[in-house]
Protein chains: 2
Amino acid sequence: MTKKISSLSYSISDLSKEFDITTRSIRFYEDQGLIAPSRKGQTRIYNQRDRVRLKLILRGKRLGFSLAETGRLFELYDVDKTSATQLNSIMSLISDKKSDLKQQLDDINAVLIELDDLEKNCKDILSSLENNK
Amino acid sequence: MTKKISSLSYSISDLSKEFDITTRSIRFYEDQGLIAPSRKGQTRIYNQRDRVRLKLILRGKRLGFSLAETGRLFELYDVDKTSATQLNSIMSLISDKKSDLKQQLDDINAVLIELDDLEKNCKDILSSLENNK
DNA sequence: GCACAACTTTACGTTAACGTAAACTTCATA
DNA sequence: TATGAAGTTTACGTTAACGTAAAGTTGTGC
């Protein structure tokens, strides 16, 4: 299944190569309900939407999101937000995520500063080693 | 072991309460070599340095660092950086971490924008629901 | 002196996120 | 036609980060 089926669909190995993950992982994400590719016979066929979802899953992982959390974020887009109570619960979920992420921003900036500092120290020591040759 | 031993030391439950984690976790971090409290008899006594380390471990977790990764970051501070080759390997490790974190910054900002957008949509729908009462 | 709260060690259990192996089907190509 | 590459399902194995339970020790209040 090396050749593309159409310009907008992908095989499982296409995606596994593009994102550098195993086909096992991709099938697992489907198992967990995060992707739902169509089939041709029993072969999975991924479209653009599936691809975007995969990308979002991986971004979520980089941010330390569990697959379940990423799944809930997906639902936020899919649910038809009819009732006001539903809308409010969604909004509180969003606001929770936002404060989590803002905390992460602070964390990252703090660590970046520390790493810069550490890097500078290393450079100083290195250059003093060079001079004393 | 409710009372403080001195103004600068803590019992395991002091720390578990302060950081809202179980004593099991704290002992586990010790097991993994991330903390090394002193002992009075067989009872663990944590000092200010241990406390700071705990705080750093939890920050690492928020950033999706494994305990092993956090441990390596600790080592960066502890190692006496004698040889130039060691220094260079440390610096490449630092630069790896830095680019990871910068990627995370981008990720977070992207998600924050999406969440803001989603939030705005919810608010719009909510207010239109209010008006049609 | 004894209950009891907080500490300890030892060790097996659990969950998420896959890895890995086996046994099978499809399809292109030599 | 057969061989090999890519796909499939089923199912057991693995690792990190703890949870949980058992069984014992230690200090403190009544």
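Residues numbered from 1 in each chain as written. Chains lettered and ligands numbered in written order. Predicted model: local features only at pLDDT ≥ 70, side-chain atom pairs only at ≥ 80, totals over all residues. Heavy atoms only, no water.

Asks: Give me the lowdown on the pattern of salt bridges, citing residues and values where you can.
Replies: Evaluated as defined, the whole model comprises 18 salt bridges over all chains. As a salt-bridge pair, Arg39(A) and Glu30(A) come within 3.4 Å of each other at their nearest N and O atoms. Residue classification places Arg39(A) among the partly exposed positions, given a relative accessible area of 42%. The closest approach of N and O atoms between Asp116(B) and Lys98(A), which form a salt bridge, is 2.7 Å. Residue Asp116(B) is found in helix α5 (residues 84-131), and its partner Lys98(A) is found in helix α5 (residues 84-131); the two belong to separate chains. For Asp116(B), a relative accessible area of 38% puts it in the partly exposed group. For Lys98(A), a relative accessible area of 12% puts it in the buried group. Beyond isolated ion pairs, a larger network of salt bridges with shared partners links Glu30(A), Arg39(A) and Arg44(A). (Salt bridge = Lys/Arg side-chain N within 4 Å of Asp/Glu carboxyl O. Buried < 20%, exposed > 50% of the residue type's maximum accessible area, 1.4 Å probe, protein only. Helix = DSSP H or I, 4+ residues; strand = E, 2+ residues; numbered from the N terminus.)

Asks: Please provide a residue-by-residue account of the relation of the copies chain B and chain A, values included.
Replies: After a rotation of 180° and a shift along the axis of 0.0 Å, chain B superposes on chain A with an RMSD of 0.1 Å. Between the two chains, the operation in question is that of a two-fold axis. Looking at the rotation axis and the C-alpha trace of chain B, the residue lying nearest is Gly64(B), at 2.3 Å. Taken as a fraction of all interface residues of chain B, those also at the interface in chain A reach 100%, which identifies the copy contact as same-surface. (Least-squares fit on C-alpha atoms with pLDDT ≥ 70 in both. Contact = heavy atoms within 4.5 Å.)

Asks: With reference to specific residues and values, describe the protein's contact with DNA strand D.
Replies: In the vicinity of DNA strand D there are 18 residues, among which Ser13(A), Arg27(A), Arg44(A), Thr22(B) and Lys61(B) approach most closely. The separation between a base oxygen of DNA strand D and a polar side-chain atom of Arg24(B) is 2.9 Å. Within the backbone of Leu67(B), one N or O atom sits 2.9 Å away from a phosphate oxygen of DNA strand D. Mapped by element, the contributors of at least two residues to the surface near DNA strand D are α1 (12-19), α2 (23-31) and β2 (43-45) of chain A together with α2 (23-31) of chain B. The leading source of residues in the surface near DNA strand D is α2(B), at four residues. (Near = heavy atom within 4 Å. Polar contact = N/O pair within 3.5 Å; in protein donor to acceptor, adjacent residues only side chain to side chain.)

Asks: Let's hear about the environment of Thr43(A): which residues, and what values?
Replies: Residues and elements named next belong to chain A. Its location among the elements puts Thr43 in strand β2. Taking the relative accessible area as the measure of exposure, Thr43 reaches 30% and is therefore partly exposed. Considered as a pair, Thr43 and Ser11 are 32 residues apart in the sequence and their alpha carbons are 8.4 Å apart.

Asks: Lay out the side chain of Asp14(A) in plain terms, naming residues and giving numbers.
Replies: Residues and elements named next belong to chain A. Within the secondary structure, Asp14 is located in helix α1. One buried charged residue, Asp14, forms no salt bridge at all, with the nearest opposite charge on Lys17 at 5.7 Å. At a separation of 3.0 Å, a polar atom in the side chain of Asp14 contacts the main-chain amide nitrogen of Ser11. (Lys, Arg positive; Asp, Glu negative; His and termini not counted.)

Asks: Could you give an account of the environment of Lys17(A), with specific residues and numbers?
Replies: Topologically, Lys17(A) is positioned in helix α1. A residue is classified by how much of its surface remains accessible, and Lys17(A), at 64% relative accessible area, is exposed.

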